[in-house]
Amino acid sequence: MSGNETSRIPGFYKLSPDERVKALQDAGADIALAPWRDEGLRLQDADLMVENVIGTFSLPNAVAVNFCIDGADRLVPMVVEEPSVVAAVSNMARLARRSGGFVTESSSDIMIGQLQLSNVQAPAEAVSKLEAARDELLAQAATIHPRLVARGGGMRGIDVRHVVYDEPGYPREDMVVLHIHLDCVDAMGANMVNTVVEHLAPLVEGITGEQVGLKILSNLADKRLAKATVRIDPKYLSTATLKGTEVAERIASAWRFAWADPYRAATHNKGVMNGIDAVALATGNDWRAIEAGAHAWCARDGHYRPMTTWRFDGDMLVGSIELPVQFGTVGGTIRVHPTVQANLALLGAEKANDLARVAVAVGLAQNLGALKALATEGIQAGHMRMHARTVAATAGATTAEVPRVAMALCAKRDYSVAYAERVLGELRGG
Ligand code: MEV
């Protein structure tokens, strides 16, 4: 988004897809419909992207509304198959904007590449030889991507690590691992990093006299972090039966459960990734890399922890998230996929670290939605309200009939296709 657009579009969820596009245009978004409908990914481009292509595959492309991030309204495209995700995140964004919205920051756009020396007999010696050759290694690496340097990126440093394989019951193995730090600017950077590490391998072998094993980027991109925080006034959290302060304390307690128990942390984090992955998909990003980095980061103290924190100090509920984020806004799929370009334009994200900051804010909002539901009415009530529409359609309801059938399913809390068919029959006068 750019200019005077607003992301606050009341009743957006009640509109038809065409009316939503019109509402986005009325809200100031400069969008054309074609990339989301008949001008998506072309077969010939898909065929160049991966192997053995027989066609393309569609998923719902939704827009989360109400987001205010760093004082600016943002319309957030999300590609996801799960009901409730977009509704929940839009509701939480509405709640958050009443207390000022999300505040974000990011570190650098630096990705890490690894060159591994395995089975090293004198690891300390190999480490010092590589450290002594730091300038030579940096100078050689700096020649590899001149266009990246012209865009403001390039080599930022080198680290040497001694890594030990000491699994009980098996022979010990010493490894020396060289890390290169490459500022990839707006690219996700996997290809760039992999090119650098492969190019440096002969030099590393010459310096150490050891053989290089693996040469590959690390998805634990802990030099490319994005952070978001939000402060919620508990008065906006109250329900028909609970005071806002009670809900805030229950949310903080639900977070403590995730901190203490990896079984809960995995589910808590799955909910965070519902939002982040949906943004990654909509913007043509490698969600597997983002997932891998996020989960590895959560285990950095040796125990798998939640991706977010929620604390209630009696005054405000404060949430935060910090994750490695390997997002790009140029290169790869992004260049050839018209829908991805349209989504990036709708979001108004040109810089990779801007996209990453939006994504973590979405993850934090998504987590708040899940915790609030879990801490109050439970997750199924809202989920089934959304799911009712799919059940109605499965039972054969037309677009016009879906809302009435769904409403009947919700009223009776019976979400079976059989009941939907019965309702549909009655509706049609059968
Ligand atoms: C479902 O997709 C995500 C949740 O399970 C997340 C959570 O439990 O926090 C609702």
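Just so we're clear, the structure is a prediction, and the values are computed from it rather than from any experiment. (Residues numbered from 1 in each chain as written. Predicted model: local features only at pLDDT ≥ 70, side-chain atom pairs only at ≥ 80, totals over all residues. Heavy atoms only, no water.)

Engineer: When you look at the site of the ligand in this model, what are you seeing that I'm missing?
Structural biologist: Taken together, Glu-82, Arg-264, Thr-267, His-268, Lys-270, Gly-271, Asn-274, Ala-370, Leu-374 and Ile-379 make up the full set of residues adjacent to the ligand. One nitrogen or oxygen atom from the side chain of Glu-82 is found 2.6 Å from an oxygen atom belonging to the ligand. For the ligand, an oxygen atom lies 2.7 Å from a polar atom in the side chain of Lys-270. Out of a free accessible area of 300 Å², the ligand has 83% covered by protein chains. For the shell around the ligand, the elements supplying multiple residues, two or more each, are α9 (262-282) and α13 (352-375). Its residues placed into classes, the shell around the ligand shows three nonpolar, four polar and three charged. (Near = heavy atom within 4 Å. Polar contact = N/O pair within 3.5 Å; in protein donor to acceptor, adjacent residues only side chain to side chain. Areas by Shrake-Rupley, 256 points an atom, 1.4 Å probe, with all protein chains shown as cover. Helix = DSSP H or I, 4+ residues; strand = E, 2+ residues; numbered from the N terminus. Nonpolar A, V, L, I, M, F, W, Y, C, P; charged D, E, K, R; others polar.)

Engineer: Help me understand the packing of aromatic side chains, please; the structure alone is not making it clear to me.
Structural biologist: In this description, a pair of aromatic rings is defined by centroid distance and the angle of the planes. By the definition in use, this model includes one aromatic pair. One Lys or Arg, Arg-20, reaches over the ring of Phe-12 and ends 6.0 Å from the middle of that ring. (Phe/Tyr/Trp six-rings, centres within 6.5 Å; stacked < 30°, edge-to-face > 60°. Lys NZ or Arg CZ within 6 Å of the ring centre and 35° of its normal.)

Engineer: Whenever I open this one, the side chain of Asp-174 confuses me. Can you help?
Structural biologist: Looking at the element boundaries, Asp-174 is found in strand β6 (residues 173-183). With relative accessibility at 14%, the residue Asp-174 sits in the buried group. The residues contacting Asp-174, other than those within four sequence positions of it, are Leu-117, Ser-118, Asn-119, Val-120, Pro-123, His-162, Val-163 and Val-164. (Buried < 20%, exposed > 50% of the residue type's maximum accessible area, 1.4 Å probe, protein only. Contact = heavy atoms within 4.5 Å.)

Engineer: Can you walk me through a nonpolar patch on the surface in this structure?
Structural biologist: A contiguous nonpolar surface patch, about 400 Å² in accessible area, is contributed by Phe-57, Leu-59, Leu-281 and Trp-287. Relative to the elements of secondary structure, Trp-287 occurs in helix α10 (residues 287-298). According to the relative accessible area criterion, Trp-287 is partly exposed, its value standing at 33%. (Patch = residues over 30% accessible without salt bridge, like charges linked within 9 Å, V, L, I, M, F, W, Y side chains within 5 Å. Salt bridge = Lys/Arg side-chain N within 4 Å of Asp/Glu carboxyl O.)

Engineer: Sorry, what's going on with the sheet that holds β6 here?
Structural biologist: Hydrogen bonding along the main chain pairs the strands of a sheet, whether they run parallel or antiparallel. Pairing is antiparallel across the open sheet formed by four strands, whose spatial order is β5-β6-β4-β7. The open sheet has two free edges, formed respectively by β5 (154-165) and β7 (212-218), since each of these has just one partner strand. Sheet twist, expressed as the average angle between the axes of neighbouring strands with direction ignored, equals 20°. Alignment of strand β4 (residues 110-117) against β7, held across five bridges, turns out to be antiparallel. Following the sheet pairing, Gly-113 is matched in β7 by Leu-217. Along the sheet face, helix α5 (residues 134-142) touches β5 and β6 and points at about 125° away from the line of β5. (Pairing = 2+ DSSP bridges. Axes fitted to C-alpha atoms, helices over the stretch in contact; angles between N-to-C directions.)

Engineer: Explain the pairing of strand β10 (residues 317-324) to me, please; I cannot follow it from the model alone.
Structural biologist: When a strand is regular, its side chains alternate between the sheet's two faces. Of all eight residues in β10, six are buried; the element is thus mostly enclosed. Pairing between strand β8 (residues 225-232) and β10: eight bridges, direction antiparallel. Each bridged residue has a counterpart across the sheet, and for Arg-231 the counterpart in β10 is Val-318. With five bridges joining them, strand β9 (residues 308-312) and β10 adopt antiparallel strand pairing. Paired with Arg-311 across the two strands is Val-318, which belongs to β10. In this structure, the hairpin formed by β9 and β10 is closed by a connection of four residues, where Gly-314 is found at a positive phi of approximately 95°.

Engineer: I keep staring at the pattern of salt bridges and nothing clicks. Help me out?
Structural biologist: If the charged atoms of two oppositely charged side chains come close together, the side chains can form a pair. Evaluated as defined, the whole model comprises 17 salt bridges. A salt bridge links Glu-125 to Lys-129; its shortest N-O distance comes to 3.6 Å. Pair noted here: Glu-125 and Lys-129 are both in helix α4 (residues 123-132), with a separation of four residues, about one helical turn. When its relative accessible area of 34% is taken as the criterion, Lys-129 is described as partly exposed. The residue Arg-288 makes a salt bridge to Asp-286 at a minimum N-O spacing of 3.3 Å. When its relative accessible area of 27% is taken as the criterion, Asp-286 is described as partly exposed.

Engineer: It is not clear to me how the packing of helix α14 (residues 379-394) against helix α15 (residues 402-412) should be interpreted in this structure. Could you clarify?
Structural biologist: Angle between the axes and distance between the axes: these two values describe a pair of packed helices. As a packed pair, α14 and α15 sit with axes 8 Å apart at the nearest point and diverge in direction by 125°. Considering the angle they form, α14 stands oblique to α15. Crossing hand, α14 versus α15: right-handed. Residues Arg-385, Ala-388, Arg-389, Val-391, Ala-392 and Ala-393 of α14 form the contact with α15, whose participating residues are Val-402, Val-405, Ala-406, Leu-409 and Cys-410. For the contact of α14 with α15, the class distribution of residues is nine nonpolar, no polar and two charged. (Parallel < 35°, antiparallel > 145°, perpendicular 65-115°, else oblique. Left-handed = near helix turned anticlockwise from the far one by under 90°.)

Engineer: It is not clear to me how the nonpolar core should be interpreted in this structure. Could you clarify?
Structural biologist: One broad rule of soluble globular proteins: the nonpolar side chains tend to lie buried together. Formed by 64 residues in total, the largest nonpolar core has its most connected members in Phe-67 and Met-78. It is α13 that provides the largest number of residues to this core, a total of 12 residues. Ranked by size, the runner-up nonpolar core spans 36 residues in total, among them Val-127, Leu-130, Ile-144 and Val-197. (Core = buried A, V, L, I, M, F, W, Y, C linked by side-chain atoms within 4.5 Å.)

Engineer: Explain α15 here, please?
Structural biologist: Every α-helix carries 3.6 residues per turn, so stepping three or four residues along brings you back to the same face. Residues Val-402, Val-405, Ala-406 and Leu-409 constitute the buried set of α15. Within α15, the buried residues cover an arc of 100° as seen down the axis, which keeps them to one side. Facing away from the buried side of α15, by more than 90 degrees, are the exposed residues Arg-404, Met-407 and Ala-411. Packing partners of the buried residues in α15 comprise α14 and α16 (417-427). Following α15 by one or two positions, Arg-413 has its phi on the positive side, about 55°. (Arc of directions from axis to C-beta.)

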